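Remarks on the overall topology
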Amino acid sequence: MQKSYIWSLPTRVFHALFVIFILLTFLSAQEDQWLNIHAVVGYAVLILVLFRICWGFFGPKYSLFKDFPLGKINIKDYLNHIFEEKLKYIGHNPLASYVMISMFVVAILAIITGALAFGIQEGKGILSFLNSSFFKKMELFGEIHEFFSSLFIALIVAHVGGVLVDRLLHKKQETLNSIVTGYKITSENKSIKLNIYQKMFSLLMFIFFIGFIIFNIYNPKNILVASKYETTDYKTQNELFVNECASCHTLYPSQSNAKKIMGINYV
């Protein structure tokens, strides 16, 4: 038995960032005032998923989609030998392969429907133009977004459960540790190596991802979260009222301004 380098550094960095930003998406969805942060984090997750999809086509062995043991025969074979200590599937096992692919698909669908709900119902982001008199009262995409978010949670539970089961049944292979170290215990050397193109692509994608985060930190009202409605400072517009009456009375926007804020047009 020996250690084999199975999961490359880009694969492990992707996994760590994916976990962190998925957690941030759910945390930022808890409060309405965090909605812009939720949207930005969602786009960050999309970048990560797109990287992983590309990595699945020209990344190293075991990360490639063609290396995923899909199909009924592989699932049946895996379940029939699940209690054996010998490690047959060095990369993803059949069940894990289906869960991983499902997570990527569901994540993309959740992000797309989230962007639609953000644009239609909130009038924000790159799809804010859909916040018209016809679309803006539609809550369909918000409900679909919540459905895919719940489905994604179910897939996370399945993924974590699978890792724990593998840890229990195949502890010697150090599958759980390999998520951090990149190494698994195998009967013979099965190590992978990255070529120069894979290294360059992963580095450029990482730089792009970090740049995206920095851009949104220093420009929090960019096109991804910008509202189609202009913010009005009613205290500035009604300075005399604020100075003379605000200590006892609450300032409310005029009826015409309220209509503009709510996007209401009366004939």
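In this report, we go over the structure that sits alongside the text.

What counts and what doesn't
- Residues numbered from 1 in each chain as written.
- Predicted model: local features only at pLDDT ≥ 70, side-chain atom pairs only at ≥ 80, totals over all residues.
- Heavy atoms only, no water.
- Core = buried A, V, L, I, M, F, W, Y, C linked by side-chain atoms within 4.5 Å.
- Buried < 20%, exposed > 50% of the residue type's maximum accessible area, 1.4 Å probe, protein only.
- Helix = DSSP H or I, 4+ residues; strand = E, 2+ residues; numbered from the N terminus.
- Contact = heavy atoms within 4.5 Å.
- Expected span 1.5 Å × (residues − 1).
- Polar contact = N/O pair within 3.5 Å; in protein donor to acceptor, adjacent residues only side chain to side chain.
- Axes fitted to C-alpha atoms, helices over the stretch in contact; angles between N-to-C directions.
- Parallel < 35°, antiparallel > 145°, perpendicular 65-115°, else oblique.
- Left-handed = near helix turned anticlockwise from the far one by under 90°.
- Nonpolar A, V, L, I, M, F, W, Y, C, P; charged D, E, K, R; others polar.
- Salt bridge = Lys/Arg side-chain N within 4 Å of Asp/Glu carboxyl O.
- Phe/Tyr/Trp six-rings, centres within 6.5 Å; stacked < 30°, edge-to-face > 60°.

We now examine the nonpolar core. Counting 40 residues, the largest nonpolar core has Phe18, Phe21, Val45, Leu48, Phe152, Phe209 and Phe212 as its most contacted members. If you list the elements that add at least two residues to this core, you get α1 (9-28), α2 (35-58), α4 (94-122), α5 (140-169) and α7 (196-218). In terms of residues, this core owes the most to one element, α4, which gives twelve residues. Once residues lying within four places of it in the same chain are set aside, the contact partners of Phe18 are Val45, Leu48, Val49, Met103 and Phe152. Counting residues in hydrophobic clusters, the runner-up holds five residues, among them Ile6, Trp7, Tyr62 and Ile90.

For α5, spanning 30 residues, the distance from its first C-alpha to its last is 43 Å, which sits close to the expected 44 Å at 1.5 Å a residue. Listing the buried residues of α5 in full gives Gly142, His145, Phe148, Ser149, Phe152, Leu155, Val163 and Asp166. On the buried face of α5, the contacting elements are α1, α2, α4 and α6 (175-181).

We now examine the side chain of Ser128. Relative to the assigned elements, Ser128 resides in the loop between α4 and α5. On the basis of relative accessibility, which here comes to 14%, the residue Ser128 falls in the buried class. One polar contact links the side chain of Ser128 to the main-chain carbonyl oxygen of Gly125, over a distance of 3.1 Å. What Ser128 contacts, discounting residues up to four positions off in sequence, is Gly119, Gly123 and Lys228.

Between two packed helices, what matters for the description is the angle formed by their axes and the separation of those axes. Relative orientation of the contacting elements α1 and α5 amounts to 140 degrees, with a least axis distance of 12 Å. Considering their axes alone, α1 and α5 lie oblique with respect to each other. Of the two possible hands of crossing, α1 and α5 adopt the one that is left-handed. Along its contact with α1, which presents His15, Phe18, Ile22 and Phe26, the element α5 presents Ser149, Phe152, Ile153, Ile156 and His159. Classifying every residue of the contact of α1 with α5 by side-chain character gives six nonpolar, three polar and no charged.

All chains considered together, the criterion is met by two salt bridges. One salt bridge connects Glu188 with Lys190, and the closest N-O pair in it is separated by 3.6 Å. The class of Glu188 is partly exposed, set by a relative accessible area of 43%.

Applying the stated rule across the entire model yields 15 aromatic pairs. On the numbers, 5.4 Å between centres and 80 degrees between planes, the contact of Phe57 with Phe65 is edge-to-face. Taken together, the aromatic side chains of Phe14, Phe18, Phe51, Trp55, Phe58, Phe104, Phe152 and Phe201 make up a single cluster linked through ring pairs.

Further remarks concern unusual backbone geometry. Even without being a glycine, Tyr62 presents a positive backbone phi close to 80 degrees. Its place among the elements puts Tyr62 in the loop between α2 and α3 (72-80).

Locating His81 in the fold gives a position in the loop between α3 and α4. For His81, a relative accessible area of 35% puts it in the partly exposed group. Separated by 2.8 Å, the side chain of His81 and the backbone oxygen of Asp77 make a polar contact.

Before going further, it helps to spend a moment on the environment of Leu48. Relative to the helices and strands, Leu48 is located in helix α2. Distance from Leu48 to Phe209, taken between C-alpha atoms, is 7.9 Å for residues 161 residues apart in sequence.

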